[in-house]
Amino acid sequence: MRKSLQSYRKVSVESEISVASPHRIIQMMFEGALQRLAQSRYAIENNDVANKGIYIGKAIGIITGLNNSLNMEAGGEISTNLSDLYDFMLRRISEANLNNDVQAIDDVSEILKTIKEGWDAIPPEQHHMASHTEAV
């Protein structure tokens, strides 16, 4: 049953991505990163080393993807600042992994929530913009 549910979720996400706007894809990345961080935190609290590594690895992958999607030319100072924040988050996640530090996970989650709130507040008429710094 669990495997079937996971397969369904994967197909559902893949279907949503195939029709999603660039704006929605970035939203989904923020949501996915926050979910993986919450799962990482839970794994740390429960001394679940295997899942901690899996979820931290996925969070790192998503945040790296967000960083790589920045349009440094069009975004100017905003892109630079976001890139610096993503680099900081990646360092904090690595510290969380090494030290089983839930506070580091919480720090990253708070930063991501703040960025996501700004992203979610972008008016619909600007959702067509290609990168997640051109709309800001």
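Whatever comes next refers back to the structure up there.
Bear in mind the structure is a predicted one, so any value in this text is a computation, not a measurement.

Chemist: What exactly am I supposed to notice about the packing of helix α4 (residues 72–99) against helix α5 (residues 102–120) here?
Modeler: For any two helices packed against each other, the geometry comes down to the angle between their axes and how far apart the axes lie. α5 packs onto α4 with a crossing angle of 155 degrees between their chain directions and a minimal axis gap of 8 Å. As the angle between them shows, α4 and α5 are arranged roughly antiparallel. Read as a crossing pair, α4 and α5 show a hand that is left-handed. Counting all contacts with α4, which are made through L82, L85, Y86, F88, M89, R92, I93 and A96, the residues of α5 involved are Q103, A104, I105, D107, V108, I111, L112 and I115.

Chemist: Please clarify how the pattern of salt bridges should be interpreted in this entry.
Modeler: Oppositely charged side chains can pair when the atoms bearing their charge come close. If you walk through the whole model with that rule in mind, you get seven salt bridges. Between D107 and R92 there is a salt bridge, with its nearest N and O atoms 2.6 Å apart. Of this pair, D107 sits in helix α5 while R92 is found in helix α4, placing the two residues 15 residues apart along the sequence. When its relative accessible area of 26% is taken as the criterion, D107 is described as partly exposed. A salt bridge links K113 to E110; its shortest N-O distance comes to 3.6 Å. Here K113 pairs with E110, and both are found in helix α5, just three residues apart, close to one helical turn. Given a relative accessible area of 37%, K113 falls into the partly exposed group. Classification of E110 as partly exposed rests on a relative accessible area of 46%. Among the charged side chains, a salt-bridge network with shared partners connects R41, E45 and D106.

Rules and cut-offs
Residues numbered from 1 in each chain as written. Predicted model: local features only at pLDDT ≥ 70, side-chain atom pairs only at ≥ 80, totals over all residues. Heavy atoms only, no water. Axes fitted to C-alpha atoms, helices over the stretch in contact; angles between N-to-C directions. Helix = DSSP H or I, 4+ residues; strand = E, 2+ residues; numbered from the N terminus. Parallel < 35°, antiparallel > 145°, perpendicular 65-115°, else oblique. Left-handed = near helix turned anticlockwise from the far one by under 90°. Contact = heavy atoms within 4.5 Å. Salt bridge = Lys/Arg side-chain N within 4 Å of Asp/Glu carboxyl O. Buried < 20%, exposed > 50% of the residue type's maximum accessible area, 1.4 Å probe, protein only.

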